[in-house]
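# Analysis of the macromolecular model
Residue strings, one per chain:
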Amino acid sequence: MNQPAKAISRSQRRSAAARVAVALLLLLAIFPARKAAAQADAQFSQYFEVPAYYNAGAIGVGDMLRARGGSRMQWVGIKHAPTTFIIGADMPLKLFNKRFGVGLQMQQESFGLYKNMQIGAQLAYKLRLFKGELSMGVQLGFIDQSFKGSEVFIPDNDDFHESSDDAIPQNDIRGNAFDLGLGVFYNHPWFWAGISATHLNSPTITMNAESGEGGNEKNYEFRMGRALYFMAGSNIPIKNTLIEVMPSALVKSDFTFTTFEATVRCRYNKFLTAGIGYRWNDAVYALLGVEFKGFFLGYSYDYSTSYIAKASSGSHEILAGYSVKLDFSGKNRNRHKSVRIM
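Below: a short report on this structure. It should be emphasised that the depicted structure is a prediction, and the values quoted were computed from it without experimental measurement.

### Side note on the pairing of strand β5 (residues 132-148)
For β5, a buried count of 12 out of 17 residues is recorded, marking the element as mostly surrounded by other parts of the structure. In the sheet, strand β4 (residues 114-129) pairs with β5 via 16 bridges, with the strands oriented antiparallel. Its bridge partner being in β5, L127 is matched across the sheet by L134. If you look at the hairpin formed by β4 and β5, you'll find two residues sitting between the two strands, and F130 has a positive phi there, around 50°. The sheet contact formed by β5 and strand β6 (residues 172-187) spans 16 bridges and is antiparallel. Counted as the bridge partner of Q145 is G175 from β6.

### A look at a nonpolar patch on the surface
Together, I238, L242, I243, Y268, F271, L272, L288, V290 and F292 make up a nonpolar patch on the protein surface, roughly 790 Å² of accessible area in all. Along the chain, the position of V290 falls in strand β15 (residues 283-292).

### Regarding the nonpolar core
Counting 20 residues, the largest nonpolar core has F44, Y47, V50, Y53, Y54, I86 and L250 as the members making the most contacts within it. At the level of secondary structure, the elements contributing two or more residues to this core comprise α2 (51-54), β10 (227-234) and β15. Setting aside residues up to four positions removed in sequence, I86 forms contacts with F44, V50, Y53, R68, G69, G70, Q105, M106, Q107 and L319. Of all hydrophobic cores here, the second largest spans eight residues; its members include L129, V184, I195 and L228.

Conventions we followed
Residues numbered from 1 in each chain as written. Predicted model: local features only at pLDDT ≥ 70, side-chain atom pairs only at ≥ 80, totals over all residues. Heavy atoms only, no water. Buried < 20%, exposed > 50% of the residue type's maximum accessible area, 1.4 Å probe, protein only. Helix = DSSP H or I, 4+ residues; strand = E, 2+ residues; numbered from the N terminus. Pairing = 2+ DSSP bridges. Patch = residues over 30% accessible without salt bridge, like charges linked within 9 Å, V, L, I, M, F, W, Y side chains within 5 Å. Areas by Shrake-Rupley, 256 points an atom, 1.4 Å probe, with all protein chains shown as cover. Salt bridge = Lys/Arg side-chain N within 4 Å of Asp/Glu carboxyl O. Core = buried A, V, L, I, M, F, W, Y, C linked by side-chain atoms within 4.5 Å. Contact = heavy atoms within 4.5 Å.

Right, here's the structure in full:
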C-alpha cells in the first residue's frame, strides 16, 4: 500500500511543479508594456554562455559552480559606441533536503555620455521533472544610471537644439532604483529552454545632480521597460565521432519590438568550438571557443547587415570563465573535479 501512495505523491509534486511553471509563464506574458519606457539590457552574441543574465532560473544547472566574465565592444570605429562589461557566478545548493540555485550578476554598459549598471542577486527553486530539472528563479537587484551632462556640447546656430533646452541636462546626474526579474528554466539531457522577464516592476529612476547641491536643479526620470526573453538549445552528438552540433536561439521582445537570433555551433572533443549566428535585421557573427580542464575562453565577431557597416568595422566580444563540479554526496568533501557544463 505504501508504494502506490508514494507514486501518487511524486506525481502530484510533478503536477504542482508544472502548474507553478505555467503560472509563472502566464505572469511574465500578461504584463503590458507602457509608453515612454526604455530597455537597457545588454546584447551578447554568446548568450548561451551567460543565460543567467537573461533568465534568473538558469542558475545552479546540474552540479556545477560556474563563473563568467568578459566585455563587448559594439560598432568599433564609431566614437562613443556602446561598451559592455559583464561578470557573474552561480552554483547549486542543497538546503533542508531541497535543491536550490544561487547566483550573482553584474553588468555595466557605457555609450556616449550615458552609463548603466545593473546588479542582481538570484535565487531559484529546483524540481526533478520528466528526467530533467525545472528551475523557477527570481532576481532582486538595482539599476544605477548616470549621464555626463557637464560634457554636453551644443554648437552655435544648431537647428535642432538650444543651449537653454530644459530637456538636456547641463550637470552630471545620477540615480538608481530597485529592479525585479523572474525566470523559468528547464534543463534536460537532450535540450534546455527557458522563458523570463527582466525589469518586471518597470522601475522609474529619478536622476539628479551628483553633487547634491542646488535645490532648484531639475530632476530627470528614466523608466526601464519590461523585456521578455525565450531561449532554447540542444547538444546533438554525431554518432561514431567526437563532434557535437549545438543549435540555439534567443527571442527578445520589449512588447513593442521583437527580434531573434539563431546560432549553430560545432564542438570537437569537448575542447574546440566554432560556429556562426544571425541576428535579425542586425548582424551575422562568427564564434570560436576553447575549453580545457574547466577553463573557458570564447570570442565572437559581429558584422552588421545594416547601413551602420559603412561606419563601423564590426563588434567584438570576449568571454572567459571557469567551471567546477561540486560534490554533494557527503564523501570527499574537500576535493572537486573540474568539468565543463553544456
